[in-house]
Amino acid sequence: MSYFDVASTAPLHPVARQALNAALDEGWADPARLYRAGRQARMLLDAARETVAELLGARPDEISFTASGTQAVQLGILGALAGRRRSGRHLVHSAVEHSSVLHTAELHAASGGEVSEVAVDRNGLVAAGDFAAALRPDTALAVLQSANHEVGTVQPVTETAAAIGGVPLLVDAAQSAGRLPVPAGWSLLTASAHKWGGPAGVGVLAVRKGVRYVSPLPADEREGGRVPGYVNLPAIVAAAASLRAVRAEAERENARLHALVDRIRAQVPRLVPEVEVVGDPVRRLPHLVTFSCLYVDGEVLLTELDKAGFAVSSGSSCTSSTLTPSHVLAAMGVLTEGNVRVSLPHGVAEADVERFLTVLPEVVAGVRAPLGLDLPAPEPVPDSAAPDSPGPDTLVLNTLGKRCPLPVIELAKRIGTVPVGGTVAVLADDEAARLDVPAWCEMRGQEYLGEVPAADYGRDRGSAYLVRRVG
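Residues numbered from 1 in each chain as written. Predicted model: local features only at pLDDT ≥ 70, side-chain atom pairs only at ≥ 80, totals over all residues. Heavy atoms only, no water.

Let us look at the side chain of Thr290. Among the secondary structure elements, Thr290 is positioned in strand S10 (residues 288–293). Among the polar contacts made by the side chain of Thr290, one reaches the main-chain carbonyl oxygen of Glu150 at a distance of 2.5 Å. With sequence-adjacent residues up to four places away left out, Thr290 is seen in contact with Glu150, Val151, Glu276, Val277, Val278, Val340 and Arg341. (Helix = DSSP H or I, 4+ residues; strand = E, 2+ residues; numbered from the N terminus. Polar contact = N/O pair within 3.5 Å; in protein donor to acceptor, adjacent residues only side chain to side chain. Contact = heavy atoms within 4.5 Å.)

The next point concerns the pattern of salt bridges. In total, this model carries 25 salt bridges according to the counting rule given. Residues Glu274 and Arg444 are paired through a salt bridge, measuring 3.2 Å at the closest nitrogen-oxygen approach. Highlighted residues: Glu274 in the loop between helix H7 (233–271) and strand S9 (275–278) and Arg444 in helix H12 (residues 433–444), separated in sequence by 170 residues. Relative accessible area serves as the criterion here: at 37%, Arg444 is assigned to the partly exposed category. Three or more residues joined by partner-sharing salt bridges are found here, namely Asp30, Arg33 and Arg222. (Salt bridge = Lys/Arg side-chain N within 4 Å of Asp/Glu carboxyl O. Buried < 20%, exposed > 50% of the residue type's maximum accessible area, 1.4 Å probe, protein only.)

Taking strand neighbours across the sheet as the criterion, the seven strands line up as S2-S8-S7-S6-S5-S3-S4 in an open arrangement whose pairing is mixed. Of all the strands in the sheet, just strand S2 (63–66) and strand S4 (114–118) have a single pairing partner and so form its edges. Each neighbouring strand pair of the sheet contributes to a mean axis angle of 20°, computed without reference to strand direction. Bridge analysis of strand S3 (residues 90–94) against S4 gives five bridges, and the strand direction is parallel. Bridging from a neighbouring strand, Leu91 pairs with Val115 of S4. Sitting on the sheet, helix H2 (residues 36–56) is in contact with S2, strand S7 (188–192) and strand S8 (203–207), with an inclination near 110° to S2. Each of S2, S3, strand S5 (139–145), strand S6 (169–172), S7 and S8 is contacted by helix H3 (residues 69–83), which is oriented at about 165° to S7, the strand it contacts most. (Pairing = 2+ DSSP bridges. Axes fitted to C-alpha atoms, helices over the stretch in contact; angles between N-to-C directions.)

A word on the pairing of strand S13 (residues 394–398). Along S13, four of the five residues are buried, which leaves the element largely enclosed by surrounding structure. Of the pairings in the sheet, the one linking S13 to strand S14 (residues 423–428) comprises five bridges and is parallel in character. By the bridge assignment for S14, Thr394 is matched with Thr423. Read as a crossover between parallel neighbours, the route from S13 over helix H11 (residues 406–414) to S14 is right-handed. (Right-handed = clockwise from strand over helix to strand, strands pointing away.)

Attention now goes to the sheet that holds S13. Strand order in the open sheet formed by four strands is S13-S14-S16-S15, and the pairing between neighbours is mixed. A single partner strand is all that each edge strand has here, and the edge strands are S13 and strand S15 (447–453). Neighbour-to-neighbour, the strand axes of this sheet turn through a mean angle of 20°, independent of strand direction. Pairing of S14 with strand S16 (residues 463–468), which is carried by six bridges, proceeds in the antiparallel orientation. The residue bridging Val426 from the neighbouring strand is Tyr465, located in S16.

Structure representation (structure tokens):
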């Protein structure tokens, strides 16, 4: 099996495994106790904190260890908002933040706070000026990821920090910590050890001296009062050791991974028809690439790739339990179905990448084959078939009750049956169609006219997505 999903979690680094085994023997005692075993544990904890602080560009007393990267984000946001409650209750974040940010923002809004979301461009990149424009006199905190977890776009953190002036900026560095230098300008920083090859269950919350912070949880004397409860000392020691190891390897390994990803970005559109590579082509993580395949069910595609020996991920709605389209892909305005995210691990063999490029076209073709995309287009629906043909140049496709990508597939198969300048109305009640029909138009050079209620076409539910044939 070729594991290409380190953006979800990375395999345990060999250095982490060695450090973990050693710390299980030497660091099992309570580091808050004064007897010998406790003092030994305290020395290990202090050394781990100093290592992480050095590599993240912080002071040791600014670093607290949490139970996960998600917990670090939640505590960071809520603690900063609580510390700055006299300044206001307004929170600003980008539209492509990790779900931990979005869920915490929802909790803040439910408790009476206010939240503003900053849009991104089609590459998933936020503009520092847009962030600054979203500020208000009562803005207490801004949140911006260092790099996107779904498409790899690296955000302008330093420029944004300069643009927003004195408003504290929390930077979620989960995807970049260990791989890239930490950008300047952060007030609070979060990271997650299992993303860089450390053990799961260790997160990092860094709070700069001078940033007002009040723990949103009951008081506890551990971890600077920011994170209650007993620390997982062996895992923390292993996390620190692996962070130092991957940073030492980063320059050389990043160059190698960058070249492999460049090959994937260049070859996939050549090898697979109707594919769009998404994410910024320049400002991006070295190891991650995402592409969208038209007319493909993402869950089926990932299952077939798994059978072929490749573990990859997706931002598609059909690969989650919620059936909700990826908020990242939706914010970018790209296809939300049929997405494949490839994130290469340290040490990946070039031969494995080449085999992926060999297998992928066959897998996609196999998934598309039963859909009839190679069949001749059917005859146009006659005008007398109202209400499914409201006008001589309009074709109505009733895909109500069908999940994406089926509405898009029907659109692709039938648009050629209307004259140039004619309109296709796609009736659909799958939320993903609201995103995927415009994305398809962008990819195929057709004109998206907008959305109207399906009731305009005699239906009792759903929407009609209008497309004008350009050529």
